[in-house]
Each structure stands twice: as structure tokens, then as C-alpha cells.
Amino acid sequence: MVTENAVRERYSGAAKQAEAALCCPVEYDPKYLKVIPSEVIERDYGCGDPSRWVHEGDTVLDLGSGTGKICFIAAQVVGAKGRVIGLDMTDDMLEVARRNAPVVAERIGFANVEFRKGRIQDLGLDLALLDHRLRERPLVGAEGWLAAEGLADELRREHPLVADNSVDVVVSNCVLNLVDSASKPKLFGEIFRVLRLGGRAVISDIVCDEVVPEHLQRDPELWSGCISGALTETEFLQAFEQAGFYGIEVVKRDTTPWRTVAGIEFRSVTVRAFKGKEGQCFERNQAVIYKGPFKEVLDDDGHRLKRGVRHAVCDKTFQLYRKEPYRAYFDLVEPHSPIPPDQAKPFNCHRSAPRHPRESKGQSYNATTDASVCRDGGNGSCC
Ligand SMILES: C[S@@+](CC[C@H](N)C(=O)[O-])C[C@H]1O[C@@H](n2cnc3c(N)ncnc32)[C@H](O)[C@@H]1O
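Before going into details, it helps to say that this report is about the structure given with it. Worth saying up front: this structure is predicted, and the values here are computed from it rather than measured. In this convention, every chain numbers its residues from 1, walking through the sequence in written order. Given that the model is predicted, a residue must reach a pLDDT of at least 70 before its local features are reported, and side-chain atom pairs must reach 80 or more before they are shown or counted; all residues, however, enter totals for whole chains, interfaces and linings. Hydrogens are left out, water is left out, and the side-chain values use all remaining heavy atoms of the structure.

**Examining the overall build of the protein chain**
Part 1 of the argument: For helices the rule is a DSSP run of H or I covering at least 4 residues; for strands it is a run of E covering at least 2, with both sets numbered from the N terminus onward. The helix and strand inventory of the protein chain stands at 13 helices and 16 strands.
Part 2 of the argument: Taking all 383 residues of the protein chain together, the buried fraction comes to 50%.
Part 3 of the argument: A separation threshold of at least 6 residues defines the contact pool for the protein chain, and within that pool the share at least 24 residues apart is 74%.
Part 4 of the argument: Values of accessible area rely on a 1.4 Å probe in the Shrake-Rupley scheme; residue burial ignores everything except the protein chains shown. Surface summary for the protein chain: the accessible area is close to 19,700 Å², and the carbon and sulfur share equals 51%.
Part 5 of the argument: We treat Lys and Arg as the positive residues and Asp and Glu as the negative residues; His and chain ends play no part in the count. Taken as the charge location is NZ of Lys, CZ of Arg, CG of Asp or CD of Glu. Across the protein chain, the 51 positively charged side chains and the 57 negatively charged ones have centroids separated by 6 Å. Exposure classes here rest on a 1.4 Å probe applied to the protein chains alone. A residue is buried below 20% of its type maximum, exposed above 50%, and partly exposed in between. Throughout, a contact is declared for two residues whenever any of their heavy atoms are within 4.5 Å.

**Looking at the site of the ligand**
Part 1 of the argument: Each residue is tested against the molecule or strand, and it is near if at least one of its non-hydrogen atoms lies within 4 Å. The environment of the ligand is formed by 22 residues, the closest being Tyr-45, Gly-64, Asp-88, Thr-90 and Asn-173.
Part 2 of the argument: Pairing of N or O atoms within 3.5 Å defines a polar contact, subject to two protein rules: one partner must be a possible hydrogen donor and the other a possible acceptor, and residues neighboring in sequence count only if both atoms are side-chain atoms. Within the side chain of Lys-69, an N or O atom sits 3.3 Å from an oxygen atom of the ligand.
Part 3 of the argument: Contact between the ligand and Ile-120: a nitrogen atom at 3.0 Å from a main-chain N or O atom of the residue.
Part 4 of the argument: Each residue belonging to the shell around the ligand can be placed in one class, and the counts come to 10 nonpolar, 8 polar and 4 charged. In this classification, the charged set is Asp, Glu, Lys and Arg, the nonpolar set is Ala, Val, Leu, Ile, Met, Phe, Trp, Tyr, Cys and Pro, and all remaining amino acids, among them Gly, are polar.

**Considering the sheet that holds strand β15 (residues 330–333)**
Backbone-to-backbone hydrogen bonds join strands into a sheet, with any given pair of strands oriented parallel or antiparallel.
Part 1 of the argument: What makes two strands pair is DSSP finding at least two bridges between them. One open sheet accounts for 3 strands, arranged β14-β11-β15; its pairing is antiparallel. Only two strands of the sheet have a single partner each, and these edge strands are β14 (310–313) and β15. Each strand of the sheet is rotated relative to its neighbour by a mean of 30 degrees, with strand direction disregarded.
Part 2 of the argument: The pairing of strand β11 (residues 286–290) with β14 spans 4 bridges and is antiparallel. Residue pairing across strands places Gln-286 opposite Val-313, the latter belonging to β14. For helices, the axis comes from a line fit to the C-alpha atoms of the stretch in contact; other axes are also lines fit to C-alpha atoms, and the angle between any two N-to-C directions lies between 0 and 180 degrees.

**What about helix α7 (residues 141–158)?**
Part 1 of the argument: A rise of 1.5 Å per residue sets the reference length of α7, with its 18 residues, at 26 Å; its end C-alpha atoms lie 25 Å apart and thus fit the reference within 8%.
Part 2 of the argument: Taken together, the buried positions of α7 are Gly-144, Ala-148, Leu-151, Ala-152 and Leu-155. Seen along its axis, α7 keeps its buried residues to an arc of 105 degrees; they face one direction. Exposed residues lying more than 90 degrees from the buried face of α7 are Ala-142, Glu-143, Leu-146 and Arg-157.
Part 3 of the argument: Among the structural elements, α6 (127–136) are those in contact with the buried residues of α7. Expected span of a helix: the number of residues minus one, times 1.5 Å. In this context, the arc is that of the directions from the helix axis out to the C-beta atoms.

**As for the pattern of salt bridges**
Part 1 of the argument: For salt bridges, the criterion is a side-chain nitrogen of Lys or Arg within 4 Å of an Asp or Glu carboxyl oxygen. Counted under the stated rule, the structure contains 38 salt bridges.
Part 2 of the argument: The salt bridge partner of Asp-122 is Arg-156, with a shortest N-O separation of 2.8 Å. Taken together, the residues span a long stretch of sequence, with Asp-122 in the loop between β3 (113–117) and α6 and Arg-156 in helix α7 at a distance of 34 residues.
Part 3 of the argument: The closest approach of N and O atoms between Arg-284 and Asp-315, which form a salt bridge, is 3.4 Å. One end of the pair, Arg-284, is in the loop between β10 (282–283) and β11; the other, Asp-315, is in helix α12 (residues 315–321), and 31 residues separate them in sequence.
Part 4 of the argument: Overlapping salt bridges bring together Glu-39, Arg-43, Glu-95 and Arg-99 as one network.

**Structural notes on the environment of Ile-227**
Part 1 of the argument: Topologically, Ile-227 is positioned in the loop between α10 (220–224) and β6 (231–232).
Part 2 of the argument: A sequence separation of 55 residues divides Ile-227 from Phe-282, and the C-alpha atoms of the two residues are 46 Å apart.
Part 3 of the argument: Beyond its immediate stretch of four places on either side in the chain, Ile-227 contacts Asn-177, Val-212, Leu-222, Trp-258, Arg-259, Val-261 and Phe-266.

**Some remarks on the packing of helix α4 (residues 69–78) against helix α5 (residues 91–108)**
Part 1 of the argument: At a closest axis distance of 11 Å, the pairing of α4 and α5 adopts a crossing angle of 30 degrees. Our classification of the angle between α4 and α5 gives roughly parallel. In this structure, α4 meets α5 at a crossing whose hand is right-handed. Between α4, through Phe-72, Ala-75 and Gln-76, and α5, the contact on the second element is made entirely by Ala-97, Asn-100, Ala-101, Val-104 and Ile-108.
Part 2 of the argument: When its residues are assigned to classes, the contact of α4 with α5 shows 6 nonpolar, 2 polar and no charged. Roughly parallel covers angles under 35 degrees, roughly antiparallel covers those over 145, roughly perpendicular covers 65 to 115, and oblique covers all other angles. A clockwise turn of the near helix away from the far one marks a right-handed crossing, whereas an anticlockwise turn of less than a right angle marks a left-handed crossing.

**Quick look at the packing of aromatic side chains**
Part 1 of the argument: Note on aromatic pairs: the rings of Phe, Tyr and Trp (six-membered ring only in Trp) are paired at centre separations within 6.5 Å, and the planes decide the class, stacked below 30 degrees, edge-to-face beyond 60, tilted for the rest. As enumerated under the stated definition, the model contains 13 aromatic pairs in all.
Part 2 of the argument: Consider the rings of Phe-188 and Phe-240, whose centres lie 5.0 Å apart with planes at 80 degrees: the pair is edge-to-face. Of this pair, Phe-188 sits in helix α8 (residues 184–194) while Phe-240 sits in helix α11 (residues 233–243), placing them 52 residues apart in sequence.
Part 3 of the argument: Judged by its relative accessible area of 2%, Phe-188 is buried.
Part 4 of the argument: Taken together, Tyr-246, Phe-274, Tyr-290, Tyr-321, Tyr-326 and Phe-330 form an aromatic cluster joined through their ring pairs.
Part 5 of the argument: Lying across the ring of Phe-192, Lys-275 places its NZ or CZ 4.9 Å from the centre. We call a charge positioned over a ring when the NZ of a Lys or the CZ of an Arg lies within 6 Å of the ring centre and within 35 degrees of the ring normal.

**Observations concerning the side chain of His-303**
Part 1 of the argument: With respect to the element layout, His-303 can be found in the loop between β12 (296–298) and β13 (304–306).
Part 2 of the argument: Overall, His-303 belongs to the buried group, its relative accessible area being 4%.
Part 3 of the argument: At 2.9 Å, the side chain of His-303 and the side chain of Asp-299 are in polar contact.
Part 4 of the argument: Non-local contacts of His-303, meaning those with residues more than four positions away in its chain, are made with Val-297, Leu-298, Thr-317, Tyr-321, Cys-349, Arg-351 and Ser-352.

**A look at the packing of α8 against α11**
Part 1 of the argument: In contact at an axis separation of 9 Å, α8 and α11 are set at 50 degrees when each is read in the N-to-C sense. With respect to α11, the element α8 is oriented oblique. Seen along the crossing, α8 lies across α11 with a hand that is right-handed. Contacts between α8 and α11 involve Phe-188, Gly-189 and Phe-192 on the former and, on the latter, Phe-236, Ala-239, Phe-240 and Ala-243.
Part 2 of the argument: Counted by class, the contact of α8 with α11 contains 6 nonpolar, 1 polar and no charged residues.

Shown next, in the form of C-alpha cells:
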């Protein structure tokens with residue numbers, strides 16, 4: 001908790017006055033910055049731009065939204081049909097963000113951003129509501145502390161700050177490293193919980209190339225400065241995997257470190273990861289062909305796919321490969337006679353098996369055809 005208090009105090013100050021040591025150079029799309037008031041832009045403590053992977057109509061949750069810059073950019077990308085929720089634990093940050101929200105809304109012509117108070121490792125607990133309840137009925141002593149814990153549990157259950165499966169994309173810009181090490185697995189679990197099936201996380205953060213030694217981890221200045229709490233690049237990706245994400249990808253990695261401390265390099269990366277590989281596996285006679293360039297690949301469900309081989313997959317995997325981030329790497333083979341979903345039998349997804357072309361075409365398929373018409377804009381002759 002010493003760490004969290006140090007973080008809160010430092011960002012409380014940084015909300016009131018820009019702190020140069022916390023700034024990592026980032027190029028945001030200038031067309032989105034025009035409508036954002038200068039006090040928001042000046043107090044920018046991000047290290048990347050996850051809003052580049054947000055789409056029109058999305059419901060976006062920004063973890064550690066600070067003065068609101070990423071929320072105000074995302075508001076313009078998602079448009080009037082989308083919505084953006086900024087979440088932060090520091091009152092002074094929330095104050096700047098909330099004060100500027102109506103200004104941005106007026107300039108863009110719609111109001112689709114709100115800011116909520118909470119801790120990103122505990123997205124169920126509405127800290128403003130807890131504060132309100134505790135003011136109505138102050139609790140003291142050990143019994144009071146236990147009662148407050150009970151109240152917090154009740155609020156998580158009855159009035160969650162962010163509900164299960166309610167968000168299309170969780171973004172965050174330079175915040176996850178600030179959460180204490182013991183709470184990091186819970187934090188990734190919370191991101192997973194609030195995303196809807198098919199949703200994605202796009203997280204920009206500082207990572208390091210070697211494990212940070214303990215004496216540096218104990219330094220509150222370095223911790224709140226986005227250094228000591230950084231995960232190694234490998235640990236960062238593993239944390240997404242362990243939370244249940246699939247299709248995890250480093251979409252941006254700075255080659256030049258932001259800072260180097262005691263020989264350890266700290267740099268910004270942006271990682272995108274998807275939720276939605278869970279669910280039952282059904283046989284619908286579909287196949288996928290991995291196009292290369294690698295000789296073989298292994299997906300997050302353990303399917304090993306050899307280049308150029310027609311692999312049998314379940315309907316769920318087939319549908320996942322249709323979409324980002326996989327679609328460019330696979331050819332998808334539908335059976336000639338599709339199996340309706342309600343007649344599909346369970347499929348054993350724990351094995352990797354080839355699919356014979358006859359399974360796709362049907363055992364009695366015996367067609368002979370003329371050459372098909374070329375679609376490459378040539379002279380109509382394929383050979
Ligand atoms: C480095 S700043 C980044 C702010 C913002 N994302 C940006 O791009 O400018 C970190 C922000 O995360 C907030 N923060 C840090 N730890 C938090 C936590 N555990 N829960 C909620 N907010 C947190 C701080 O209050 C601060 O506003």
C-alpha cells in the first residue's frame with residue numbers, strides 16, 4: 001500500500017502541474033488533438049497511443065485515464081454511437097478530466113465520455129459510491145474495518161463499477177506498471193472479466209529487458225515514475241496468456257529505450273490481445289490452411305498448424321481464424337454441404353489432425369468441370 005499511496009500522491013501533484021520526468025514522447029494523430037484543451041494535453045503521462053486500435057461504435061474503457069487525453073481521442077474515433085469510460089483512482093486527475101469533458105463534447109457535437117473513480121485491479125468496486133456510503137454511516141475500529149469490507153463486497157456484487165462482459169475494448173496508457181506486483185494477476189483477470197466475448201485489450205505500457213532488482217522495486221520515486229513496477233517484455237505477454245487471452249501481439253515496440261536505469265532498458269510497447277476462445281467445440285467439417293511464411297505455428301489453444309496442410313478445426317476455431325488477428329494467415333475451407341449448428345457433434349480440439357479434401361467435398365463428389373474464368377484481369381486464359 002506504500003506503493004499505491006506514493007503513486008496517488010505523485011499523480012495528484014502531476015494533475016495540478018505538468019511533471020516533465022513522467023513524460024515519454026508519443027506521437028498522437030494531430031487531427032484528434034485540435035478539440036482537446038491544452039491543460040489536458042500538457043499533463044500527458046502516456047507512453048503510447050492505444051486509441052489507434054479503437055473502432056467506430058466501440059464501448060471503450062480506459063484504465064488510469066489521467067486528465068483524459070486518450071478518452072477524448074477515443075470519443076472522436078468511436079463517434080456518437082460509441083461510448084468511452086475513463087477510470088482513475090486519483091481525485092485531482094478525475095477533476096481535470098471531468099471539468100474538460102463538456103468542453104470537448106461541445107466541440108465535437110456529442111457527449112459520449114464519462115469518468116469513474118476506481119482502482120484498475122478492482123474494477124468491480126465503485127470508490128465514489130463506497131465513499132458516499134461510508135460518509136452516511138462512518139465505521140470505526142476493527143469491527144468497522146470488517147464491516148467496510150463487507151460493504152465493499154456488497155457494492156461489487158450489487159452495483160459493480162464495470163460490469164462483466166460489458167466493454168468492446170479496454171485500453172490503457174502507461175498505468176499497468178504502477179500496480180503492485182501481488183495485484184498484477186488480478187488486474188489482468190479484471191480486464192478479461194469486463195470484456196465481452198470477442199472484445200480486445202490494447203495496452204501501452206513500459207516494459208524492461210531484465211528483471212528489476214528488489215532494491216529498485218522498493219524505491220517509491222522510481223515506482224511512481226513508471227520504472228520499478230515494469231514487467232519484463234516476456235512477463236507482460238505471459239500475463240495476458242495466463243488471464244485467458246488469445247491472439248496476443250506486440251503491435252508497437254519502441255527500439256530506443258525511454259530510460260535506462262542501472263543498465264536495464266525500459267521501453268514502451270503496445271500489446272493487443274483478444275477474449276473469446278472459450279466455449280464448446282463442434283464438428284462442422286471445416287478446415288483451415290496456414291499459408292506461411294513459417295514452417296508451422298502454434299495457436300493459444302494448442303493447435304499446431306503446418307504450412308500448406310489442410311487442418312481439421314472446430315467451428316469456434318474456424319470463426320476465430322476468420323477475424324483479426326489471424327485472417328491474413330489462413331485460407332478457410334467450408335464443406336460443400338454445411339452441417340447445421342444444431343446437428344453438429346462435439347469436436348475434440350486437443351488433437352491436431354489433417355482434414356482429407358473428401359471430408360470437405362463429400363465422399364460421392366465426382367465432378368469434372370471446364371477451366372474456371374480467370375479473375376486476375378488477364379486475357380481469360382489461365383495456362
Ligand atoms: C502515468 S499516468 C497515465 C495517465 C494517462 N493514461 C495518460 O496517458 O496521460 C498514470 C495514471 O494512472 C492512475 N493510476 C495509477 N495506478 C492506478 C490504479 N491502481 N487504479 C486506478 N488508477 C491508477 C494515476 O492516478 C494516473 O492518473
